[in-house]
Amino acid sequence: MEKKDINKEQAPEEGQRFSLLAESVADAVVVIQDGRPVFFNRSALKLSGYSPGEYNETDFSALIHPKDLIKLLERYNRLLAGEEQPAATPVRFLDRFGQEHWVEAATRSMTWRGRPASLNVFHNVEALQQAARDLSDARRVLEAICRSAPMGIGLWRERRLMWANQACYRMLGRSEEDLAGCDARVLYADLEEYERAGRLLYLPGGPAEADVRFRRGDGREIVARIRAAALDEHDLSQGHVVTMVDLSREEEAERELQDLKSRLRQSQKMEALGVLAGGIAHDFNNILGAIMGYTQLTMEDLPAGSQERDNLDQALKAGERARDLVKHILAFSRRAGQEKRPVSLTPLIKETLHLLRPALPPKVELRQKLGPENGPVLADSTQFHQVLMNLCTNAVQAMQSQGGVLEVGLEDVELDQAQAKRLGGVVGLRPGPYRKLTVRDSGQGMEPEVAARIFEPFFTTKGIDQGTGLGLAVAHGVVRSHGGAISVESAPGQGSVFYVWLPRGLGAPQSVQTHQGPLPGGSERVLFVDDEASLVEVARRMMERLGYRVETFSAGDQALEAFAADPHGFDLVITDLSMPQMSGLHFARKIRQMRAEIPVLLCTGFSQALQGNTPEELGLKGILMKPLLWRDLALAIRRALDDSQG
């Protein structure tokens, strides 16, 4: 049976005006009679998704959500009974696909073709609801921004606070209850400042900015940068949105920046001085090597117990002290050779203090506060001993006149990221477990400008004959080379406290064995090369005294030519590391290319030039530290030759 369009078939002539009116509105208009639509406009078709024929056969109950249908029918029945009802009620309109659409439904009774019917107008409110949701979302986003903003944000109306974020409360040091609706007059430092801010900020026009003084709830005065913008430039009574930035925080950040710059300059200065000191130490090492070498050779020519031999023995001891001074300089420049092993600091500290105690003045009391040993540190025990001696000596000298207490402490600490960054300065430390050494004295203390320079080399406040100014600089270099940090706290009349942080390592403490007995010798043929002529000559005489046949050169290219002429005529090669035109490592590689099994010894004043590589990784039989001592040279040659011979 063909479906009929009731709108066309049943629209009487007198209803044409109603039809034209219904089609002219954007809302869906539906006339319901006997539970079915008998009239609907195009907006109703668009909202439902039905075709005109489908709409004719659709029951009205299928168009309204079941829960809302009862409410709509009850409303209609009350209207028929003459009861007053709201103009419209929200319901969910269902389209042909079952999708819900929120509408405002207005229902009135009417007569359609002489019979009772209901006129239903459905106003789609989804766009309005979406706009409300968008507005709510925007409000939540704005509130989140205000809550998380580091600056203070507030709404002021006629200079009374209507709303503010937590940053504003914190900045002013007051609670939300204290500030709610309060007069701004009580927040300013004084009445004059309140009036000045009013003249500068709350004026017609664009946003205004000024720095003003506030008084916090705790009485402290702060300076804040205020920026005020009117909600309505034509009606200032609507209020102003005001942002506040605490300039004291900016000043603190500026101080931190300046402190970081100062640390950077200090680090660069220490690095430059380290390079200079390292170069001086290298040259001095060569000079010292010749002096000590010839002294040892001459002593062997003199009878034991003679005055001449005793004199030279004193000269040799002076040379050894000079050698230790070179080690200090190299330690400061971070170029000294280090033998880092797992070291237990507690017994090392006790041993050092045991040696120090007899030398203390009677008026200086020594105290120890050594905590439990929870793990070793990876350190050069000799250098750590020197660091502790330098710190203790410095403390004792600070109490020389009036006496006092020298306290040495050791404890385990855990550094977090912020602490490690602060202690390490520009260089930085790794967060983690550390052993913290404390050396405290009750001496005269230092002025801030003195404490700031205390780790600089050759800086000293002592007299000419009382110190070199290297002790604390050496301690600084050693600690840094161990991946640690050193700092000082001091004030005039309050004494000084030095802190040393060393990272805890893994493994068990180890001991170092020394060689004893007469100097070993041999008859093998040795090639020796060093660019310092005096060292070449003294080394030749030392080795010849030991029985070896020696060929010496002061240039690497000449030594290579001699070796290339007779590669199997030599049993051992000894080369200096730092030579012009050709380094010792490059020279050794050239030698091994011609004869892979030849043993090679390398001489150097600082082992860190090897960049952490072991002698085996570089194809070497060993490292000889300058200045060369006869015993060290003899033992190293014999060991290298014996190892290569199987």
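All figures in this text were calculated on a predicted structure; none of them were measured in a lab.

Novice: What is the right way to read the sheet that holds strand S7 (residues 160-164) from this model?
Specialist: Strand-to-strand pairing in sheets goes through backbone hydrogen bonds, with the strands running parallel or antiparallel. A sheet is described by the order of its strands in space; here five strands give the open sequence S7-S6-S10-S9-S8, paired in antiparallel fashion. Each edge of the sheet is formed by a strand with only one pairing partner; in this case those strands are S7 and strand S8 (208-215). Along the sheet, successive strands turn relative to each other by an average axial angle of 35°, direction set aside. Pairing analysis gives eight bridges linking S8 to strand S9 (residues 221-230), with the strands arranged antiparallel. Bridge pairing in S9 links Phe214 to Ile222. Along the sheet, helix H9 (residues 191-201) contacts S8 and S9; its crossing angle with S8, the most-contacted strand, is approximately 165°.

Novice: Looking at this structure, I do not really get the pattern of salt bridges. What am I missing?
Specialist: Here the idea is simple: oppositely charged side chains can pair when their charged atoms come close. According to the stated counting rule, one finds 34 salt bridges in the structure shown. The partner of Lys626 in a salt bridge is Asp530, with the nearest N and O atoms 3.0 Å apart. On the criterion of sequence distance, the pair formed by Lys626 in the loop between strand S22 (622-625) and helix H20 (630-644) and Asp530 in the loop between strand S18 (525-529) and helix H17 (533-545) is long-range, its members being 96 residues apart. By the burial criterion, Lys626 is buried, and Asp530 matches it. Linking Asp576 and Lys626 is a salt bridge whose minimum nitrogen-to-oxygen distance equals 3.0 Å.

Novice: Looking at this structure, how should I read the nonpolar core?
Specialist: One broad rule of soluble globular proteins: the nonpolar side chains tend to lie buried together. Ranked by internal contacts, the top residues of the largest apolar core, which has 39 residues, are Leu345, Ile349, Leu391, Cys392, Leu406, Leu437 and Val439. Among the elements that line this core, the one with the most residues is helix H13 (residues 381-398), at seven residues. If we ignore the near neighbours within four places in the chain, the residues touching Ile349 are Leu370, Phe384, Leu388, Val408, Leu410 and Leu437.

Novice: Quick question: what am I supposed to make of the sheet that holds strand S19 (residues 549-553) here?
Specialist: Spatially, the five strands line up as an open sheet ordered S19-S18-S20-S21-S22, and their pairing is parallel. Taken across any chain shown, the strands that pair with only one partner, and hence form the sheet edges, are S19 and S22. For this sheet the average axis-to-axis angle between neighbouring strands, irrespective of direction, equals 20°. Pairing of strand S21 (residues 600-604) with S22, which is carried by four bridges, proceeds in the parallel orientation. Paired with Cys603 across the strands is Leu624, a residue of S22. Helix-sheet contacts for H17 involve S18, S19 and strand S20 (572-576), and the interaxial angle to S19 is about 175°. Of the strands in this sheet, S18, S19 and S20 are in contact with helix H18 (residues 556-565), which crosses S18 at around 160°.

Novice: Looking at this structure, I do not really get the side chain of Thr89. What am I missing?
Specialist: In this fold, Thr89 is placed in strand S3 (residues 89-94). Filtering out sequence-adjacent residues up to four positions away, Thr89 remains in contact with Lys71, Leu72, Arg75, Val103, Glu104 and Ala105.

Novice: It is not clear to me how the pairing of strand S15 (residues 432-441) should be interpreted in this structure. Could you clarify?
Specialist: Side-chain direction in a regular strand flips from residue to residue, so the side chains alternate between the two faces of the sheet. Summarising burial for S15: eight of the 10 residues are buried, a large majority. In terms of strand pairing, strand S14 (residues 404-415) meets S15 through 10 bridges, oriented antiparallel. In the sheet register, Val408 faces S15, and the bridge partner there is Val439. Of the strand pairs in this sheet, S15 and strand S17 (residues 496-503) are connected by eight bridges, and their pairing is antiparallel.

Novice: Quick question: what am I supposed to make of the packing of H13 against helix H16 (residues 471-481) here?
Specialist: The relative placement of two packed helices is expressed as an angle between their axes plus a distance between the axes. At a minimum axis distance of 9 Å, the contact between H13 and H16 shows a crossing angle of 145°. In the packing of H13 onto H16, the handedness of the crossing is left-handed. Only Gly471, Leu472, Val474, Ala475, Val478, Val479 and Ser481 of H16 make contact with H13, whose side of the interface consists of Gln383, Val387, Asn390, Leu391 and Asn394. Of the residues belonging to the contact of H13 with H16, the class tally is seven nonpolar, five polar and no charged.

Novice: Help me understand the environment of Glu489, please; the structure alone is not making it clear to me.
Specialist: Looking at the element boundaries, Glu489 is found in strand S16 (residues 485-490). By relative accessible area, Glu489 is classed as partly exposed at 48%. As a C-alpha pair, Glu489 and Arg440 span 49 residues in sequence and 9.5 Å in three-dimensional space.

Novice: So what exactly am I meant to see when it comes to H20 here?
Specialist: Since the α-helix turns once every 3.6 residues, residues separated by three or four places project in the same direction. Relative to the 21 Å expected for 15 residues at 1.5 Å per residue, H20 spans 21 Å between its end C-alpha atoms, a close match to the ideal helical length. Among the residues of H20, those classed as buried are Trp630, Leu633, Ala634, Leu635, Ala636, Ile637, Arg638, Ala640 and Leu641.

Novice: Can you help me understand the packing of aromatic side chains in this one?
Specialist: The geometry of two aromatic rings is summed up by the distance between their centres and the angle between their planes. Counting across every chain of the model gives 11 aromatic pairs. Look at Phe40 and Tyr55: their rings are 4.6 Å apart centre to centre, the planes differ by 20°, and that puts the pair in the stacked class. Of this pair, Phe40 sits in strand S2 (residues 36-40) while Tyr55 is found in helix H4 (residues 52-56), placing the two residues 15 residues apart along the sequence. Here the aromatic rings of Phe563 and Phe570 are separated by 5.8 Å at their centres, their planes lie at 25°, and the arrangement is stacked. With respect to class, Phe563 is no different from Phe570; both count as buried. Joined through ring pairs, the aromatic side chains of Phe18, Phe39 and Trp112 make up one cluster.

Novice: I'm lost on the environment of Tyr169 in this one. Help?
Specialist: Tracing the backbone shows Tyr169 in helix H7 (residues 166-172). For Tyr169, a relative accessible area of 8% gives the class buried. In contact with Tyr169, not counting residues within four places along its chain, are Ala164, Arg174, Ser175, Glu176 and Leu179.

Novice: Looking at this structure, I do not really get unusual backbone geometry. What am I missing?
Specialist: Glycine aside, the phi torsion of most residues is negative, and most peptide linkages are trans. Residue Pro627 is bonded to the preceding Lys626 through a cis peptide linkage, with omega at -5°. Along the chain, Pro627 falls in the loop between S22 and H20. Positive phi, close to 55°, is recorded for Arg113, a residue that is not glycine. Structurally, Arg113 can be placed in the loop between strand S4 (100-112) and strand S5 (115-124). Under the relative-accessibility criterion, Arg113 is labelled exposed at 53%.

Novice: I tried to follow the confidence of the model for the protein chain on my own but got confused; where do I start?
Specialist: Regions with low pLDDT carry predicted coordinates that are not meant to be interpreted in detail. The share of residues in the protein chain with pLDDT of 70 or more is 88%, and the mean pLDDT across the chain is 82. When pLDDT is averaged over each element of the protein chain, S18 comes out on top at 95 and helix H1 (residues 6-10) at the bottom at 45. Between residues 1-11, whose pLDDT stays under 50, and residues either more than four places distant or in other chains, the model counts 15 contacts. Contacts from residues 507-515, a stretch scored under 50 in pLDDT, to residues over four places away or in other chains number 12 contacts.

Calculation criteria
- Residue numbers here run from 1 along each chain, matching the order of that chain's written sequence.
- Local features in a predicted model are, by the rule used here, given only for residues with pLDDT of at least 70; side-chain atom pairs are given and counted only at 80 or more, and totals for whole chains, interfaces and linings are based on all residues.
- The basis for the side-chain values is all heavy atoms of the structure; hydrogens and waters are excluded.
- In this analysis, strands are considered paired if DSSP registers two or more bridges between them.
- Note on conventions: DSSP H or I runs of at least 4 residues are helices, E runs of at least 2 residues are strands, and numbering of each starts at the N terminus.
- Structural elements are reduced to axes, namely lines fitted to C-alpha atoms, with helices fitted over the stretch in contact, and the angle between N-to-C directions of any two is expressed from 0 to 180 degrees.
- Between two residues, a contact is recorded if the distance between any of their heavy atoms is within 4.5 Å.
- A pair is scored as a salt bridge if a Lys or Arg side-chain nitrogen falls within 4 Å of a carboxyl oxygen belonging to Asp or Glu.
- Relative accessibility decides the category of a residue: with a 1.4 Å probe and only protein chains considered, values under 20% of the type maximum give buried, values over 50% give exposed, and everything between is partly exposed.
- As used in this record, nonpolar core signifies buried Ala, Val, Leu, Ile, Met, Phe, Trp, Tyr and Cys residues forming a set joined through side-chain atoms within 4.5 Å.
- Crossing handedness: left-handed means the near helix sits turned counterclockwise from the far one by under a right angle, and right-handed means the same turn made clockwise.
- Each residue gets one label: Ala, Val, Leu, Ile, Met, Phe, Trp, Tyr, Cys and Pro are nonpolar, Asp, Glu, Lys and Arg are charged, and the others, such as Gly, are polar.
- In a helix, the anticipated span is given by 1.5 Å times the number of residues less one.
- Geometry of aromatic contacts follows a simple scheme: Phe, Tyr and Trp rings, the Trp one being its six-membered ring, pair when their centres are within 6.5 Å, and the pair is stacked under 30 degrees between planes, edge-to-face over 60, tilted otherwise.
- A score between 0 and 100, pLDDT records how confident the predictor is in each residue.

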